[in-house]
Every structure is written in structure tokens, then in C-alpha cells.
Amino acid sequence: MALSSVSTNDSQLQIEDSNAFEEIAPPSASTFSAFSAPLQKEPWGIFINHRGPDVKDTLARAIYSALHARGFRVFLDSEGLQLGDFFPAAVEEAMRSASLHLAILSPTYAQSPWCLAELSFMLKSGKPIIPVFYCVRPTDLRWVAQGKGMYVNAFSEYEQNHRYSSEKLQEWKTALHKVSFYKGAIINNKE
């Protein structure tokens, strides 16, 4: 599928989870989300989901630059957010308006509840997702549900600190498992 041919009819898109970041954002996030996100006049073409410490200044920025140079309207948080934007609402609006989601799954990806919440939201949207497996294998994501693999420590910590419900943790594990079966790019280069 060529990126330029991706389209969606947002008026028919309905997502059951009206506030994807309810459990991870401050309690006031859902209260102000309708007022804090500026109205997006032009929808984003591509939303890049990534774990900042792993890839923001390297792979995510390179992908952003390449797509932007080819005329795509790409949302990368460091580039798409404006001063004063309310982060949870702005990110959710960018995901809703994007026609395509790109998820860069990296070694510490599961340590970020934001990354996991975004991935779950993207899967629920039904819009195309292209995974980029950066220094992880798709099979690494499949082992999470069995309490094994490279993300086991992140989920063990979530379970021990009881910050997130068991339903939320299961949702995130299911999202990782599901995206592991999507055709994507595998990059095993650690530089």
C-alpha cells in the first residue's frame, strides 16, 4: 500500500474508549481535553508512536524527516506539539486525525505506559498500523502474555505497584501480541 493512498472517513470512526489516557494522565486530563487541544484544521497524515529514550533523536527523527521531506504531514511529539498544548489531548487528537500509524517498538518500549496506551488506541481505531521492530523481534512481543520475554520486567513492575488495573495491563499485553503479527520492518542495528 502506498502511503499516499491511505485514507479514512473520520466521521464513521468511533472508538469506544473516549479518553485513551485516563489511567496514565493526571486526573484533570479528561476534564480539560475538550478545551485544551487546539482545533486541527488539517489532519495529520502519519502518527509516529515511539519510546523517546530509545529512538526519538535517531530512528524516529530520521523517519519523520524522510516522510516530511516527501510532503507528508507527520506527527512526532517533539515536532507536532506547540507551546501550551495539553499533551494528552493533543496526542489523542493527532492519533484520531492521522490516516496511518507507525509504531516503533524498541527495547524499553513497554516501560512507557504512554507508548502502550497509544498502541492500544491505534489498534482500536482500525486505521492502518505499520510496526517497526527496532532491536526487538516480533516474537518478543508474543511472549508478554505468558510472562516471558524482554518486556516481562516492565509488566512485573506495573503489577507490583498496582498503578494500573489488571484489565488495563491485559489490554496492553493483548495490543503487543496483536501488533506482533502485523507485517513491519525489522531493524536490528544498535548504534
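Residues numbered from 1 in each chain as written. Predicted model: local features only at pLDDT ≥ 70, side-chain atom pairs only at ≥ 80, totals over all residues. Heavy atoms only, no water.

Topic: the overall build of the chain
A tally of regular secondary structure across the chain gives eight helices and five strands. Each helix and strand of the chain, ordered N terminal to C terminal, gives the series α-β-α-β-α-α-β-α-β-α-α-α-β. For the chain, buried positions account for 45% of its 191 residues. For the chain, contacts bridging at least 24 residues in sequence account for 81% of all contacts bridging at least 6. Accessible surface, the chain as shown: approximately 10,200 Å² in total, 51% of it carbon and sulfur. (Helix = DSSP H or I, 4+ residues; strand = E, 2+ residues; numbered from the N terminus. Buried < 20%, exposed > 50% of the residue type's maximum accessible area, 1.4 Å probe, protein only. Contact = heavy atoms within 4.5 Å. Areas by Shrake-Rupley, 256 points an atom, 1.4 Å probe, with all protein chains shown as cover.)

With respect to the packing of aromatic side chains
Scanning the entire structure with this criterion turns up six aromatic pairs. Aromatic ring contacts, followed pair by pair, group Phe155, Tyr158, Tyr164 and Trp172 into a single cluster. The residue whose ring lies beneath Arg73 is Trp44, and the NZ or CZ to ring-centre distance is 3.9 Å. The ring of Phe181 is capped by Arg142, whose NZ or CZ atom sits 4.0 Å from the centre of that ring. (Phe/Tyr/Trp six-rings, centres within 6.5 Å; stacked < 30°, edge-to-face > 60°. Lys NZ or Arg CZ within 6 Å of the ring centre and 35° of its normal.)

Comments concerning the environment of Cys115
With respect to the element layout, Cys115 can be found in helix H5 (residues 113-125). Separated by 12 residues in the primary sequence, Cys115 and Ala103 have C-alpha atoms spaced 8.8 Å apart. Residues in contact with Cys115, not counting those within four places in the same chain, are Asn49, His50, Arg51 and Tyr109.

A short note on the packing of helix H4 (residues 87-97) against H5
The contact between H4 and H5 brings their axes to 11 Å, and the two run at 30°. The two elements H4 and H5 cross, and the hand of that crossing is right-handed. Residues Phe87, Pro88, Val91, Glu92, Met95 and Arg96 of H4 lie in contact with H5, whose contacting residues are Trp114, Glu118, Phe121 and Met122. Residue composition of the contact of H4 with H5, by class: seven nonpolar, no polar and three charged. (Axes fitted to C-alpha atoms, helices over the stretch in contact; angles between N-to-C directions. Left-handed = near helix turned anticlockwise from the far one by under 90°. Nonpolar A, V, L, I, M, F, W, Y, C, P; charged D, E, K, R; others polar.)

Points about the pattern of salt bridges
For the coordinates displayed, the defined rule picks out six salt bridges. We note a salt bridge from Arg96 to Glu92, for which the minimum N-O separation is 2.8 Å. Pair noted here: Arg96 and Glu92 are both in helix H4, with a separation of four residues, about one helical turn. Accessibility expressed as a relative area gives 26% for Arg96, which makes it partly exposed. (Salt bridge = Lys/Arg side-chain N within 4 Å of Asp/Glu carboxyl O.)

Concerning the sheet that holds strand E1 (residues 46-49)
Sheet strands pair by backbone hydrogen bonding; their relative direction is either parallel or antiparallel. The strand order across the open sheet built from five strands is E2-E1-E3-E4-E5, with neighbouring strands paired in parallel fashion. The open sheet has two free edges, formed respectively by strand E2 (74-75) and strand E5 (185-187), since each of these has just one partner strand. Looking at chain direction, strand E3 (residues 100-105) and strand E4 (residues 129-134) are connected through five bridges and run parallel. Bridging across to E4, Leu102 finds its partner in Ile130. Lying on the sheet, helix H2 (residues 52-69) is in contact with E1, E2, E3, E4 and E5; it crosses E3 at an angle near 150°. Strands in contact with H5 are E1, E3 and E4; relative to E1, the strand with the most contacts, it is inclined by about 145°. (Pairing = 2+ DSSP bridges.)

Brief notes about the side chain of His50
Looking at where His50 falls in the secondary structure, it is placed in the loop between E1 and H2. Overall, His50 belongs to the buried group, its relative accessible area being 7%. Within polar-contact distance, the side chain of His50 engages the side chain of Lys56 at 3.0 Å. The residues touching His50, leaving out its near neighbours within four places in the chain, are Val55, Lys56, Ala60, Leu76, Asp77, Ile104 and Cys115. (Polar contact = N/O pair within 3.5 Å; in protein donor to acceptor, adjacent residues only side chain to side chain.)

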